[in-house]
Each structure stands twice: as C-alpha cells, then as structure tokens.
Amino acid sequence: MSKSKLNKAIGSIEPSMTIGISAKAKDMCASGIDVLTFSAGEPDFDTPENIKEAGIKAIRDGFTKYTAAGGINELKDAVVMKEKRHNNLDYERNQVCISVGAKHSLYNIGAVMLEKQDEVIIPAPYWVTYEAIVKFVGATPVIVKTDEKDKFVLNKDKFLRAISDKTKMLILNNPGNPTGVTYSKKDLEFIADVAKEHDFWIISDEIYEDIVFDGYKPVSIATLSDDAYKRTLVVNGTSKSYATTGWRIGYTCGDKEIIAAMIKLQSQSTSNPTSISQMAAVEALNGPQDSVEIMRKEFEKRRNYIVNEMNSIENITCVNPKGAFYIFPNVSAFYGKSYNGHKINNSMDFSMLLLEYAHIAVVPGIAFGDDNYIRVSFATSMENIVKGMKVFKDFINRIQ
Ligand code: PMP
Ligand code: GLU
C-alpha cells in the first residue's frame with residue numbers, strides 16, 4: 001500500500017505516559033516483580049459501596065440500554081445540584097453534557113471549539129492530555145512555564161506575553177496535576193480579567209476540587225463574575241472524588257451552544273456514557289458524601305509524610321502541594337551523575353533506572369513538560385509510601 005496508513009494528526013501526539021508507565025508497572029507486578037507503584041493517577045481506594053450498589057441495581061433493573069447521548073436527566077440534575085451546592089454555580093440541564101470521563105469532556109471541547117489557527121494557553125507543568133488534545137485537533141498549544149519558586153502558579157507577565165490575537169482558550173487545572181498547584185481567589189480574578197480583556201475562553205478542569213489540604217478551599221473561576229461565568233466551561237467528573245476511575249463518568253457545564261455541539265458530536269461518536277455508570281454517578285453525587293472526606297483525610301496524612309521525607313533528602317526540593325494526590329520533586333541535581341554505571345541525563349533516565357533497579361514506578365517530568373522533575377503519586381497505601389521512601393533514599397544514596 002503506497003498511501004500512508006495513518007493521518008498526520010495521530011502522528012503528532014505521543015501515547016499517554018501516565019497510562020503507559022502504570023501499565024508497565026502492572027505488567028512487572030504480573031511477572032512476579034514486586035513493584036512499588038507511585039505512578040498511578042487514580043485513587044487506590046475501592047469505589048464506595050453505595051455507588052457500587054447503585055450500579056448493580058441499574059443492571060438488575062435492566063437499565064442497560066442506550067440513553068440520551070449527552071446523559072440522562074437524573075444525572076444532569078445531580079450535576080446541576082452539585083455545582084450549586086459546592087460552588088454556588090447556577091446551571092440548567094441544557095448547560096450540562098455527561099461524557100465518558102473528564103478526558104472525553106476535554107477532547108469534545110477541543111473537537112467542537114478549536115480550529116487550525118487557534119492557540120491554546122497551557123500552563124506547564126501540565127497534565128499530559130491537554131497538549132495532546134490541542135495538537136490532535138490541529139490547533140497550537142502555547143506552553144507557559146511556571147516556576148517552583150511560585151509554587152507553580154502562573155506568572156502574570158509570562159501569561160500576558162503568551163497571549164496573541166489567536167488565543168482561543170486557556171486550560172486551567174485547579175488543583176493541578178502534576179504539581180498540586182492551587183490558585184487563590186486573587187490569582188483567579190487576575191486570570192478572569194485578562195480573559196475578559198483579550199476575549200478568550202477558560203476551560204476550568206476542577207477534577208481534584210475535593211482533594212485539598214491545609215483547609216484550602218478552591219474557588220471555581222466561573223463564580224467570579226457574570227463575564228467569567230459565561231466564558232468558562234467547568235470540567236469535572238466522579239473519577240477522583242469518588243474513586244470511580246474505571247466507571248468513566250465526566251461532565252462539562254457552561255455555554256449551551258457549546259454543550260449542544262458536544263452532545264451532537266457524542267451522538268455521532270461514542271453515543272451515551274455507559275448507562276449503569278450514569279446511575280452509579282447519580283448516587284455518587286446525590287448520596288452520602290462521607291467517603292469523600294474519609295479519602296481526603298487519608299490523602300492529607302500521606303501528603304504530610306511523603307513531602308517531609310522527600311524534603312529530607314539532600315539535593316531534592318519538593319513543593320508542599322495543597323491539592324490533588326501528587327508531589328513533583330525536583331531531581332535535576334542528579335543529572336550528569338551515574339547509577340550503577342548508567343548516566344542520568346534527564347527525568348526519563350532517572351525514572352527508568354528507578355524502575356529497573358529499585359522497582360519504583362514514577363512518571364518522568366518530561367511527560368508534563370518539565371524535565372527537571374518526577375511525579376510521585378501518593379494514591380497508594382501508607383505502608384507502600386513508607387517502604388517506597390526507604391527504597392527511594394537508598395537509590396539516591398547510590399547515585400555517584
Ligand atoms: N483532568 C486531570 C487533571 C486528570 O488528572 C485526569 C485524570 N485522568 C482527568 C482530567 C481525567 O479523568 P477522567 O477521564 O477519569 O474523568
Ligand atoms: N489522570 C491520571 C494521571 O495523570 C490518570 C491517567 C491518565 O488519564 O492520563 O495519571
């Protein structure tokens with residue numbers, strides 16, 4: 001066949017490294033190697049019983065057929081109530097689209113809103129998928145580096161310099177993956193004002209809003225003014241707050257024409273998100289919320305331990321995150337040195353040697369757009385964290 005098999009768009013993106021490394025760690029475990037996994041971007045907790053029961057009940061009740069492409073009304077209503085309760089945001093049913101995970105929500109946003117000439121501002125370090133979606137739909141990611149000394153909050157001048165007349169949107173993730181960055185109301189007000197002045201959209205990925213520490217309470221940028229409300233698409237889902245990553249339910253709230261376009265796309269692509277997962281998500285959002293707080297508290301305990309341990313290591317600096325379940329230590333002081341005769345030149349070398357010799361899986365910072373760091377997820381048991389940090393320190397001590 002002389003014609004090229006694949007199109008240019010798929011050639012422009014890499015497979016998700018967060019998923020790839022976790023799959024590799026699982027394969028190593030399956031082959032009998034005891035890998036300590038700090039790569040997973042998902043809660044290690046089981047899905048709460050009431051949510052599972054709602055899914056089982058949906059199966060038993062025969063709720064196993066196609067639903068409306070953009071989701072069932074019960075779930076849209078549950079999302080509307082949750083956004084009111086949690087963020088004091090007012091939406092109507094026609095402003096909500098239920099998708100197959102927040103990743104799917106984000107993909108649909110890119111697919112229905114972006115065109116070739118458009119630029120999308122993405123603060124880095126960023127979650128792997130933002131850049132990939134923008135590239136895949138043929139638009140241009142404009143990456144704005146943030147600094148460890150600013151706790152990875154977007155720098156105002158750098159942000160302003162990144163804006164052009166082609167800027168179509170900003171993707172904001174608060175609390176953020178992979179750094180755990182959190183934005184104050186004041187930071188967000190500045191961003192909302194700039195978005196208004198330069199007239200671009202704000203995609204606010206709020207999927208970690210419940211996993212917050214030290215009393216930090218995230219403010220949704222959509223609440224800041226009538227203008228911010230109109231130009232923001234809030235993206236969220238049940239994966240992280242309710243430990244339902246495999247159930248695949250995400251949602252978008254905002255402008256009703258964009259929502260209608262997303263639903264139209266879903267009607268011609270995935271059709272509805274899984275019917276039984278939608279029922280489980282109704283229970284997640286409407287049912288008792290105690291499990292969310294139990295998991296949050298446990299994450300905070302682990303965060304306290306792992307940040308302390310990491311910062312006790314000479315030559316490593318690690319920002320104390322106020323949200324999400326990752327730390328993002330700077331390991332660049334070891335670049336140019338060697339482990340077991342192997343030179344460490346970058347975050348990939350560091351992570352691969354760590355996996356091969358210490359059997360610890362982390363994600364190299366390069367996947368998130370910053371090669372000086374590694375991402376260490378603390379969505380794993382305290383026992384694993386204690387053991388993992390001992391092995392990690394031993395690995396560091398052997399670097400020459
Ligand atoms: N946004 C961020 C920042 C994430 O880390 C994830 C995790 N995969 C998602 C969105 C998507 O989550 P899901 O597709 O499971 O809803
Ligand atoms: N969001 C998680 C992570 O960053 C899950 C994997 C993925 O969807 O990329 O690891």
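Below you will find a few notes about this structure. Predicted model only: the values in this text are computed from it and were never measured. (Residues numbered from 1 in each chain as written. Chains lettered and ligands numbered in written order. Predicted model: local features only at pLDDT ≥ 70, side-chain atom pairs only at ≥ 80, totals over all residues. Heavy atoms only, no water.)

Here the focus is empty space enclosed by the protein. Under the defined criterion, the tally for this structure stands at 6 cavities of 30 Å³ or more. Considered as a void within the structure, the largest cavity measures approximately 120 Å³ in volume. If you trace the largest cavity, you find 16 residues lining it, with Pro123, Pro125, Asn173, Val181 and Tyr183 closest to the centre. The set of elements that each furnish at least two residues to the lining of the largest cavity consists of β3 (119–124) and β5 (167–173). By residue number, the principal contributor to the lining of the largest cavity is β5, which donates 3 residues. Looking at the lining of the largest cavity residue by residue, the class counts come to 11 nonpolar, 5 polar and no charged. One number sums up the size of the second largest cavity: a volume of about 70 Å³. Taken together, Leu106, Ile109, Gly110, Leu114, Tyr130, Ile133, Val134, Met169, Ile171 and Ile203 make up the lining of the second largest cavity. Contributing elements (two or more residues each) for the lining of the second largest cavity: α5 (102–113), α6 (128–136) and β5. Among the residues forming the lining of the second largest cavity, the class breakdown is 9 nonpolar, 1 polar and no charged. (1 Å grid on protein atoms, 1.4 Å probe; cavity = no way out; pocket = protein on both sides within 12 Å on 5 of 7 lines; lining within 4 Å. Points joined across faces, edges and corners; volume = space filled by probe spheres on them. Helix = DSSP H or I, 4+ residues; strand = E, 2+ residues; numbered from the N terminus. Nonpolar A, V, L, I, M, F, W, Y, C, P; charged D, E, K, R; others polar.)

All residues adjacent to ligand 2 are Ser16, Thr18, Ile19, Gly41, Lys103, Trp127, Asn177, Lys240, Tyr326 and Arg375. Separating an oxygen atom of ligand 2 from a side-chain N or O atom of Lys103 is a distance of 3.0 Å. At 3.2 Å from a nitrogen atom of ligand 2 is found a side-chain nitrogen or oxygen belonging to Lys240. Here ligand 2 has 280 Å² of accessible area as a free molecule, and 85% of this is covered by the chains. A majority-of-atoms criterion places ligand 2 in the largest pocket. Here the residues of the shell around ligand 2 sort into 3 nonpolar, 4 polar and 3 charged. (Near = heavy atom within 4 Å. Polar contact = N/O pair within 3.5 Å; in protein donor to acceptor, adjacent residues only side chain to side chain. Areas by Shrake-Rupley, 256 points an atom, 1.4 Å probe, with all protein chains shown as cover. Sits in = over half its atoms within 2 Å of the grid points.)

The next thing to look at is the site of ligand 1. Around ligand 1, the surrounding shell holds 13 residues, and the nearest of these are Ala102, Asp205, Tyr208, Ser239 and Lys240. Here an oxygen atom of ligand 1 and a side-chain polar atom of Tyr208 are 2.7 Å apart. In this structure, an oxygen atom belonging to ligand 1 sits 2.7 Å away from a side-chain N or O atom of Arg248. When the free accessible area of ligand 1 is taken as 400 Å², the share hidden by the protein chains comes to 93%. The cavity that encloses ligand 1 is the largest pocket.

Quick look at the sheet that holds β5 now. Within the open sheet, the 7 strands sit side by side as β2-β8-β7-β6-β5-β3-β4. Their pairing is mixed. The sheet is open, and its two borders are formed by β2 (96–99) and β4 (140–145), each paired with just one other strand. Across this sheet, the average inter-strand angle for adjacent strands is 20°, counted without regard to direction. Two strands pair when backbone bridges link them, and β3 and β4 are joined in this way by 6 bridges, in the parallel orientation. Residue Ala124 lies in a different strand from β4, and its bridge partner there is Lys145. Of the strands in this sheet, β2, β5, β6 (201–205), β7 (232–237) and β8 (250–253) touch α5, which is tilted by about 155° from β7. (Pairing = 2+ DSSP bridges. Axes fitted to C-alpha atoms, helices over the stretch in contact; angles between N-to-C directions. Contact = heavy atoms within 4.5 Å.)

One face of the sheet, then the other: side chains in a regular strand alternate in exactly this way. A large share of β7 lies buried, amounting to 6 of its 6 residues. Across the two faces of β7 the burial is the same, with Thr232, Val234 and Asn236 and Leu233, Val235 and Gly237 all buried. Note: β6 against β7, 4 bridges, orientation parallel. Each residue of the ladder has a partner; that of Ile203, found in β7, is Leu233. With 4 bridges joining them, β7 and β8 adopt antiparallel strand pairing. The residue of β8 that forms the bridge with Val235 is Thr252. (Buried < 20%, exposed > 50% of the residue type's maximum accessible area, 1.4 Å probe, protein only.)

What follows deals with the packing of helix α3 (residues 49–60) against helix α11 (residues 275–286). Between α3 and α11, whose axes approach to 8 Å, the crossing angle comes to 145°. Like other packed secondary-structure pairs, α3 and α11 cross with a definite hand, here right-handed. Note on element contacts: α11 touches α3 through Ile276, Met279, Ala280, Glu283 and Ala284, opposite Asn50, Ile51, Ala54, Gly55, Ala58 and Ile59. Here the residues of the contact of α3 with α11 sort into 8 nonpolar, 2 polar and 1 charged. (Left-handed = near helix turned anticlockwise from the far one by under 90°.)

Right, let's get into the pattern of salt bridges. Scanning all chains against the criterion turns up 26 salt bridges. Among the salt bridges present, the one from Asp370 reaches Lys145, with a minimum N-O distance of 3.7 Å. Note that Asp370 is positioned in the loop between β13 (363–364) and β14 (374–377) and Lys145 in strand β4, a separation of 225 residues in sequence. Asp370 sits in the buried class, given a relative accessible area of 7%. For Glu300, the salt bridge identified is with Arg296, shortest N-O distance 2.8 Å. Highlighted residues: Glu300 and Arg296, both in helix α12 (residues 290–311), separated by 4 residues, approximately one helical turn. Across this residue pair, the class does not change: Glu300 and Arg296 are buried. Among the charged side chains, a salt-bridge network with shared partners connects Asp214, Glu293, Arg296, Glu300 and Arg303. (Salt bridge = Lys/Arg side-chain N within 4 Å of Asp/Glu carboxyl O.)

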